[in-house]
Structures are given as structure tokens and as C-alpha cells.
Amino acid sequence: VQLQASGGGLVQAGGSLRLSCAASGRTFSNYYVGWFRQAPGKEREFVAVISGGGGSTYYAESVKGRFTISRDNAKNTVYLQMNSLKPEDTAVYYCAARSRGITIKNDYDYWGQGTQVTVSS
């Protein structure tokens, strides 16, 4: 599976962005897809994950209620809608895929290249 993340950019605090993770290569609906982020000088951290069919989702506490993960398997794409953005959301955001179930750990088989999100105060 090849993954390509896009949609990052510069936004003011309180604003919104929608990230996309486009996949190619295999049956996309067989894969759980997660979003992670890494801020400068910090470790990569879990943001959200969605099951293959889209029926199960899980969020980090820091983004719960502000971010929504969804997917369109017909388009082989997973989205991360980010609302009420805060400066502390600034990071490179990565999407990742695995076939073995939901996890918040970095134990994913495939990773996209990352997209920069910068939130100004």
C-alpha cells in the first residue's frame, strides 16, 4: 500500500483544515488507517484511527471533540477534519495503514510522507 498525505498548511488558531490520505496498491478497505503527528523536538504521537469499514474510530484525548476521522473506500481516501485548531496542533501529520486491528502505537506497516500543519496564534 502506498500512502500520500496532503492538505496541510498555515492556519490561524480557531481555524480548520482537512487532511487527506490517498492510498493505492491493495484493497484499501482491508486496512485500518491512523493519523499521527510529530512536532519539532518531540516524539511522534497518535492522533486518530479508523477501522477498514469506517465503523470504529478512536481519538487521542488532546483532539477528541475537535478532530474527526473518516474514510471513503470508493475513493481509497481517509480524511482528518481538524476544527478549532490550536498552536499546539502544529506538527507534521502522517497517515499510516495496518491490517491487524486498531492500535495507537506506531506499529503500522505503511506510512505516508507527512504534511505540515502550522497553527499561528
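In the block above lies the structure referred to throughout.
Everything numeric in this text was worked out from a predicted model, so none of it was measured.

Caption draft 1: Spotlight on the state of the cysteines. Per the stated rule, a full pass over the model turns up one disulfide. There is a disulfide in this structure between C21 and C95, and the S-S distance comes to 2.2 Å. Here C21 and C95 share a disulfide; its torsion about the S-S bond, 75°, makes the bridge right-handed. Here the residue C21 occupies a position in strand β3 (residues 17-24), and C95 occupies one in strand β9 (residues 91-98), the gap between them amounting to 74 residues. Look at C21 and you get buried, because its relative accessible area is 0%. The exposure class assigned to C95 is buried, which follows from its relative accessible area of 0%.

Caption draft 2: Inspection of a nonpolar patch on the surface at higher detail. A cluster of nonpolar side chains, contributed by Y58, I102 and I104, occupies part of the molecular surface with about 270 Å² of accessible area. Tracing the backbone shows I104 in the loop between β9 and β10 (110-111). Relative accessible area serves as the criterion here: at 46%, I104 is assigned to the partly exposed category.

Caption draft 3: Main features of the pattern of salt bridges. In this structure the tally under the stated criterion is seven salt bridges. Put simply, R98 and D107 hold a salt bridge, and the shortest N to O gap is 3.5 Å. With a relative accessible area of 7%, R98 lands in the buried category. Where D107 meets R100, a salt bridge forms, and the shortest distance between an N and an O atom there is 3.3 Å. Here D107 falls in the partly exposed class, since its relative accessible area comes to 44%. Look at R100 and you get partly exposed, because its relative accessible area is 45%. One salt-bridge network, held together by shared partners, links R37, E45, R66 and D89.

Definitions and limits used
- Residues numbered from 1 in each chain as written.
- Predicted model: local features only at pLDDT ≥ 70, side-chain atom pairs only at ≥ 80, totals over all residues.
- Heavy atoms only, no water.
- Disulfide = S-S within 2.5 Å.
- Helix = DSSP H or I, 4+ residues; strand = E, 2+ residues; numbered from the N terminus.
- Buried < 20%, exposed > 50% of the residue type's maximum accessible area, 1.4 Å probe, protein only.
- Patch = residues over 30% accessible without salt bridge, like charges linked within 9 Å, V, L, I, M, F, W, Y side chains within 5 Å.
- Areas by Shrake-Rupley, 256 points an atom, 1.4 Å probe, with all protein chains shown as cover.
- Salt bridge = Lys/Arg side-chain N within 4 Å of Asp/Glu carboxyl O.

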